[in-house]
Amino acid sequence: MIDEKLKKELIQKGRDFMKGYKDDDMTADSDFNPSDQQLRLPQPPLCKAAMAGEDKRIALSLDFSGLELNNDVISLIRDRRSSRVYTEENMTLEQLSFLLWATQGIKSIRGKSYATIRTVPCGGARHEFETYLLVRKVEGLAEGIYHYLPMEHAIEFLGECENIENDINETLCGQKWAIKSNVVFYWTMVAYRAEWRYGTHSHRVALLDAGHLCQNLYLGVTALGMGTCGIGAFSHDYCNKVFGIDGEEEYMVYTAPVGTVSPEDRAAEAAFYKFVEDEGL
Ligand SMILES: Cc1cc2nc3c(=O)[nH]c(=O)nc-3n(C[C@H](O)[C@H](O)[C@H](O)COP(=O)(O)O)c2cc1C
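Residues numbered from 1 in each chain as written. Predicted model: local features only at pLDDT ≥ 70, side-chain atom pairs only at ≥ 80, totals over all residues.

Observations regarding helix H6 (residues 202–224)
1) Next: With 23 residues, H6 should cover 33 Å at 1.5 Å per step; its first-to-last C-alpha distance of 33 Å lies within 8% of that length.
2) Next: Count one or two residues on from H6 and you reach Gly225, which has phi positive near 75°. (Helix = DSSP H or I, 4+ residues; strand = E, 2+ residues; numbered from the N terminus. Expected span 1.5 Å × (residues − 1).)

Here it is as structure tokens:
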């Protein structure tokens, strides 16, 4: 229930705040609409609840001491690149655990349950994303669809794919090279989690937030000596179908396959952009 008196007060407060600004200074969003948070409407959950039973849950370790990691930040930033040629060697559960933590891991909770503080920054610490995985080749995991539970640092198995290569290919609009990845990360936005605080402006903020999490994936993958490639060309309809999301309250925003790579494949990688040379671009 919206408190109309509070709403009026907040709109007036917004108008008073903007007094003295030229019209040009006002963005399309500065229409004095108070957000649901300002209207004291209940805060939505910080994370999506588990969807499968507890027997489908796989706890992940936060002890990364067994991983061979490059810790040199300068070389990680320098060597970060997009990789689309994968060697299909094994990937361990510990490596996957590290990448989930690097992209969306929770470090602490602000207040009782006001916000999660994670390994990536996020506007208002709303952390409006959910992580889904199509796991193809990770030691100890059955092939199929998974969902990350950041509060517990666990994944839950949502189900098998009839044909995982086909699902990877179709979700990524026919980018066949991704079929050889070990796992594909899919990030959705749960819109109201951010809208509650920032209204429609939250969708702009989310564009920035999404970049942070994939950059951490790139850096984490580089530290592991593996490869990834951010993917913006994905099929909303196919993703909605595979992950059972409605595409409105929760919609796909970003995806990234992760795979093992070898330095010798750099030439094959270069072939991806051969058209630039061929067409004299
Ligand atoms: C938001 C975003 C979407 C992208 N989408 C795709 C894609 O759909 N397919 C693809 O092959 N590469 C995609 N890329 C990778 C870019 O092509 C790549 O980052 C760019 O060519 C620069 O290469 P580098 O990452 O190796 O520096 C995407 C990158 C970003 C950041």
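Back to the text.
Some details on the nonpolar core
1) Next: In terms of nonpolar packing, the biggest core is built from 56 residues, with Leu133, Val183, Phe185 and Leu217 touching the most fellow members.
2) Next: Mapped by element, the contributors of at least two residues to this core are helix H3 (93–104), strand E4 (129–135), strand E5 (144–149), strand E7 (183–190), helix H5 (191–198), H6, helix H7 (236–243) and strand E9 (250–260).
3) Next: Looking at this core, the element that brings in the most residues is H6, giving nine residues. (Core = buried A, V, L, I, M, F, W, Y, C linked by C-beta atoms within 7 Å. Buried ≥ 20, exposed ≤ 12 C-beta atoms within 10 Å, placed from the backbone.)

Considerations on the packing of helix H4 (residues 164–171) against H7
1) Next: The geometry of H4 relative to H7 is characterised by a closest axis approach of 8 Å and an angle of 140° between their N-to-C directions. In terms of axis orientation, H4 runs oblique to H7. Across the interface between the two elements, Asp167, Glu170 and Thr171 of H4 pack against Tyr238, Cys239 and Val242 of H7.
2) Next: Split by residue class, the contact of H4 with H7 holds three nonpolar, one polar and two charged. (Axes fitted to C-alpha atoms, helices over the stretch in contact; angles between N-to-C directions. Parallel < 35°, antiparallel > 145°, perpendicular 65-115°, else oblique. Contact = placed C-beta atoms within 7 Å. Nonpolar A, V, L, I, M, F, W, Y, C, P; charged D, E, K, R; others polar.)

Notes on the packing of H5 against H6
1) Next: Relative orientation of the contacting elements H5 and H6 amounts to 120°, with a least axis distance of 9 Å. Relative to H6, the element H5 is oriented oblique. Like other packed secondary-structure pairs, H5 and H6 cross with a definite hand, here right-handed. Listed contacts from H6 to Ala194, Glu195, Arg197 and Tyr198 of H5 are Ser202, Val205 and Ala206.
2) Next: When its residues are assigned to classes, the contact of H5 with H6 shows four nonpolar, one polar and two charged. (Left-handed = near helix turned anticlockwise from the far one by under 90°.)

Some details on the site of the ligand
1) Next: Close to the ligand lie Arg81, Ser82, Arg84, Gln175, Cys229, Gly230, Ile231, Gly232 and Ala233.
2) Next: Taken together, the residues of the shell around the ligand sort by class into three nonpolar, four polar and two charged. (Near = placed C-beta within 6 Å.)

Brief notes about the domain arrangement of the chain
1) Next: As far as domains go, the chain holds domain 1 (1–42) and domain 2 (56–276).
2) Next: Summarising the inter-unit geometry, the C-alpha centres of domain 1 and domain 2 are found 36 Å apart.
3) Next: Each residue belonging to the side of domain 1 that touches domain 2 can be placed in one class, and the counts come to no nonpolar, three polar and two charged. (Domains from an automatic or database assignment.)

Section: the sheet that holds E9
1) Next: With respect to topology, seven strands assemble into an open sheet ordered E1-E6-E5-E4-E7-E9-E8, the strand pairing being antiparallel. Looking at the sheet topology across the chains shown, the edges are occupied by strand E1 (57–59) and strand E8 (226–228). Neighbour-to-neighbour, the strand axes of this sheet turn through a mean angle of 25°, independent of strand direction.
2) Next: Where E4 and E7 come together, seven bridges link them in antiparallel fashion. Of the residues in E7, the one forming a bridge with Thr131 is Trp187. (Pairing = 2+ DSSP bridges.)

Examining the pairing of E5
Along any regular strand the residues' side chains alternate between the sheet's two faces.
1) Next: Of all the six residues making up E5, five are buried; the element is thus mostly covered by neighbouring parts of the structure.
2) Next: Here E4 pairs with E5 via four bridges, running antiparallel. Among the inter-strand pairings, Leu134 is bridged to a residue of E5, identified as Ile145.
3) Next: Where E5 and strand E6 (residues 154–159) come together, five bridges link them in antiparallel fashion. Directly across from His147, in E6, lies its bridge partner Glu156.

Focus on H3
1) Next: With twelve residues, H3 extends 16 Å between its outermost C-alpha atoms, agreeing within 8% with the 16 Å of an ideal straight helix rising 1.5 Å per residue.
2) Next: Counting buried positions along H3 yields ten of twelve residues, so the element is predominantly enclosed.
3) Next: By the burial criterion, the buried members of H3 are Gln95, Leu96, Ser97, Phe98, Leu99, Leu100, Trp101, Ala102, Thr103 and Gln104.
4) Next: Elements that come into contact with the buried residues of H3 comprise strand E3 (115–118), E4, E5, E7, H6 and E9.

So, the environment of Trp196
1) Next: Mapped onto the elements, Trp196 comes out in helix H5.
2) Next: On the neighbour-count criterion, Trp196 (21 C-beta atoms within 10 Å) is buried.
3) Next: Measuring from C-alpha to C-alpha, the distance between Trp196 and Gln38 comes to 8.7 Å, with 158 residues separating the pair along the chain.
4) Next: Leave out the neighbours within four places in its chain, and Trp196 touches Ser35, Asp36, Gln37, Gln43 and Pro44.

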